[in-house]
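# Examination of the molecular architecture
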Amino acid sequence: MAKAGSSGTGKSGKDKGITAKGITAKASKGKGTTAKASKDETNKAKAVKPNRAMVVVAHPSAQPFRSPPKVLIAGAGVGGLTLALMLHARGISCRIYEQASAIREVGAGINALPHAIKELALLGLLPALDAVAVRTSELYYMNRTGQVVWREPRGIAAGFDVPQFSIHRGRLQKVLHDAVIERMGPGAIVTGRKLTGFIQDDGGVTAWFTDSIDGSGSETVRGEVLVGADGIHSVIRSHYHPDQGLPRWNGVQMWRGCADFPAFMDGRSMIIAGGMSGKLVLYPIGEGETPETRLTNWVVNVRISDTPHPPGKESWSRRGRLDEVLPHAARFAIPGFDVLGLIRSTDSFFEYPMCDRDPLPRWTHGRVTLLGDAAHPMYPVGSNGAGQAILDARCFADCWVKAEHPWQALLAYEAERLPKTAEIVTLNRKGGPERVIDEVEKLAPAGFTDVDRVLGHDERKAIVRGYAGKAGFTVQQLTKV
Ligand SMILES: Cc1cc2nc3c(=O)[nH]c(=O)nc-3n(C[C@H](O)[C@H](O)[C@H](O)COP(=O)(O)OP(=O)(O)OC[C@H]3O[C@@H](n4cnc5c(N)ncnc54)[C@H](O)[C@@H]3O)c2cc1C
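Residues numbered from 1 in each chain as written. Predicted model: local features only at pLDDT ≥ 70, side-chain atom pairs only at ≥ 80, totals over all residues.

### What about the overall build of the protein chain?
Across its full length, the protein chain carries 15 helices and 19 strands. Within the protein chain, buried positions represent 50% of all 481 residues. For the protein chain, the proportion of contacts with a sequence separation of at least 24, taken over those separated by at least 6, is 76%. (Helix = DSSP H or I, 4+ residues; strand = E, 2+ residues; numbered from the N terminus. Buried ≥ 20, exposed ≤ 12 C-beta atoms within 10 Å, placed from the backbone. Contact = placed C-beta atoms within 7 Å.)

Structure, rendered in structure tokens:
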């Protein structure tokens, strides 16, 4: 980026268009950027106690801190960490602030598709991923009783030049986290810091991060731009869209867990079974405790409500209960696979409501933008949540390099990514590629003897491959020069 190198390169005439209102920042505009603070970009600024009620105006007099990172990133999820690696690879300084006290391996399995893995491979992460993940070989879509509706090879077996990985979300996050620390140093990620306010002016953004462990003190940081990679409950998104309300729930509850279990099929296969009212997802995400077993991920999705309002936020990652999930799981019968046995052998598992949010008209407001789930939370069908966050990160970094001004970079990033991800949010609401089993169930609820007579091959292919095309992961899209 030609002119982004120094803070304050913004042409003030243009920058005056920014309506800079902090989420929670204090009205005494200069305090976050006093001379004292300028001595230390991460100065503990106890004087700047964020106050939610106050509105902040732009303060063009702000002076840059010494060597501020160009890009401030709120959130060390898959999106924020990948963005840091992408920026670092292009020589752009950045720093991540994460509210959690440490990066822990939480969650269950996710699938990272070739479009995302291609980006991670370019970052040199293929060996690290191979060490902790499973190269998915094939995907079976089945009805509730295990009859095959559609089957296709995945990853390398499907002709991609990179694999599809089935991986524990926490392990993916750890691979990214370790790479950030190794390449950028331990100061690249500041944990226990929650974004609570920000303001922007002609020369950059000043952000406040409070201590999220005991709430004591706050840290004032200056950067050229601020990226909200802070997930579905993003405070930056709420600031710019205060009327968005709660995430939208489709009434489906998801139970997800993983356990050491005998390998099934070729040991690298994935099954998605069921229909409109419930689905079962099974795939291995790592080596097992013995050569015959794998760390096996399971998901049971069942529609339990008609209300669009999700259960209380406190139950977003509540521990699941066997007596609640087993009756739902009992409706699935996959020949040769002991579904109930897998669930019973899981030490602890979690339940989540399946939520997304309506696509936004814009992500970028001057020097502030959104990325990953903060920008486009989507239903977890089609294995795209983490992948789209990775694609966002690549696009952001490329736009930054090409642009003359941070504004341009952020707007170009939004122009490229917002329409694509909005379409995926919409497609996922209709079931994504999994709609193929919904359609077959509608036509043959009691099963079939010949699936081609229920729904032709070309129609089934159109559903599954049509989604892949929209989400950007067909072989043709990924191998074009
Ligand atoms: C705990 C957890 C478990 C998950 N498990 C799965 C799973 O099993 N399967 C699956 O497909 N998807 C899962 N997801 C979602 C999936 O990881 C995302 O779709 C995808 O990775 C997008 O990542 P992201 O970086 O945009 O957001 P996230 O992964 O949500 O990361 C956002 C990060 O921002 C931090 N943050 C939030 N607010 C602030 C703030 N104010 N200041 C600083 N930091 C903040 C959060 O602590 C978090 O680390 C999970 C997400 C979380 C948070």
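Next comes the rest of the write-up.
### Structural notes on the environment of Trp-208
As for its position among the elements, Trp-208 is in strand 10 (residues 205-211). Accessibility expressed as a C-beta count within 10 Å gives 25 for Trp-208, which makes it buried. Considering only alpha carbons, one finds Trp-208 and Val-221, 13 residues apart in sequence, at a separation of 6.5 Å.

### Re the site of the ligand
Neighbouring the ligand are 31 residues, the closest being Gly-75, Gly-77, Gly-107, Gly-372 and Gly-385. Secondary structure elements with two or more residues in the shell around the ligand: helix 3 (78-89), strand 2 (94-98), strand 9 (193-200) and helix 10 (385-402). When grouped by side-chain class, the residues that make up the shell around the ligand number 15 nonpolar, 10 polar and six charged. (Near = placed C-beta within 6 Å. Nonpolar A, V, L, I, M, F, W, Y, C, P; charged D, E, K, R; others polar.)

### Quick word on the sheet that holds strand 10
Strand order in the open sheet formed by three strands is 9-10-11, with antiparallel pairing between adjacent strands. Of all strands in the sheet, those bounded by a partner on one side alone are strand 9 and strand 11 (218-223). For this sheet the average axis-to-axis angle between neighbouring strands, irrespective of direction, equals 25°. Pairing geometry for strand 9 and strand 10, over seven bridges, is antiparallel. Paired with Leu-195 across the two strands is Phe-209, which belongs to strand 10. (Pairing = 2+ DSSP bridges. Axes fitted to C-alpha atoms, helices over the stretch in contact; angles between N-to-C directions.)

### Focus: the pairing of strand 13 (residues 248-262)
Of the strand pairs in this sheet, strand 13 and strand 18 (residues 350-356) are connected by six bridges, and their pairing is antiparallel. Along strand 18, the bridge assignment pairs Trp-255 with Glu-351. As judged from the 11 bridges shared by strand 13 and strand 16 (residues 293-303), these two strands associate in the antiparallel manner. Paired with Trp-255 across the strands is Val-300, a residue of strand 16.

### Some thoughts on the pairing of strand 12 (residues 225-228)
A two-sided burial pattern is seen for strand 12, the buried positions comprising Val-225 and Val-227 on one face and Leu-226 and Gly-228 on the other. Sheet analysis places strand 1 (residues 71-74) next to strand 12, joined by four bridges and oriented parallel. Along strand 12, the bridge assignment pairs Val-71 with Val-225. Taken together, the three bridges between strand 12 and strand 19 (residues 368-370) define a ladder with parallel strand orientation. Within strand 19, the position partnered with Gly-228 by the bridge is Leu-370.

### Description of the sheet that holds strand 13
Here eight strands make up an open sheet; going across it, the order is 6-5-14-15-16-13-18-17 and the pairing mixed. One side of each edge strand has no neighbouring strand; the edge strands of this open sheet are strand 6 (148-153) and strand 17 (318-319). Pairing between strand 5 (residues 138-142) and strand 6: five bridges, direction antiparallel. Paired with Tyr-141 across the bridge in strand 6 is Trp-150.

### A look at the packing of helix 11 (residues 406-429) against helix 14 (residues 457-471)
Any two packed helices are characterised by how steeply their axes cross, that is the angle between the axes, and by the distance between the axes. Contact geometry for helix 11 and helix 14: axes closest at 9 Å, N-to-C directions at 155°. When the axis of helix 11 is compared with that of helix 14, the two are roughly antiparallel. In this structure, helix 11 meets helix 14 at a crossing whose hand is left-handed. Across from Glu-423, Ile-424 and Leu-427 in helix 11, the residues of helix 14 making contact are Tyr-467, Lys-470 and Ala-471. Looking at the contact of helix 11 with helix 14 residue by residue, the classes come out as four nonpolar, no polar and two charged. (Parallel < 35°, antiparallel > 145°, perpendicular 65-115°, else oblique. Left-handed = near helix turned anticlockwise from the far one by under 90°.)

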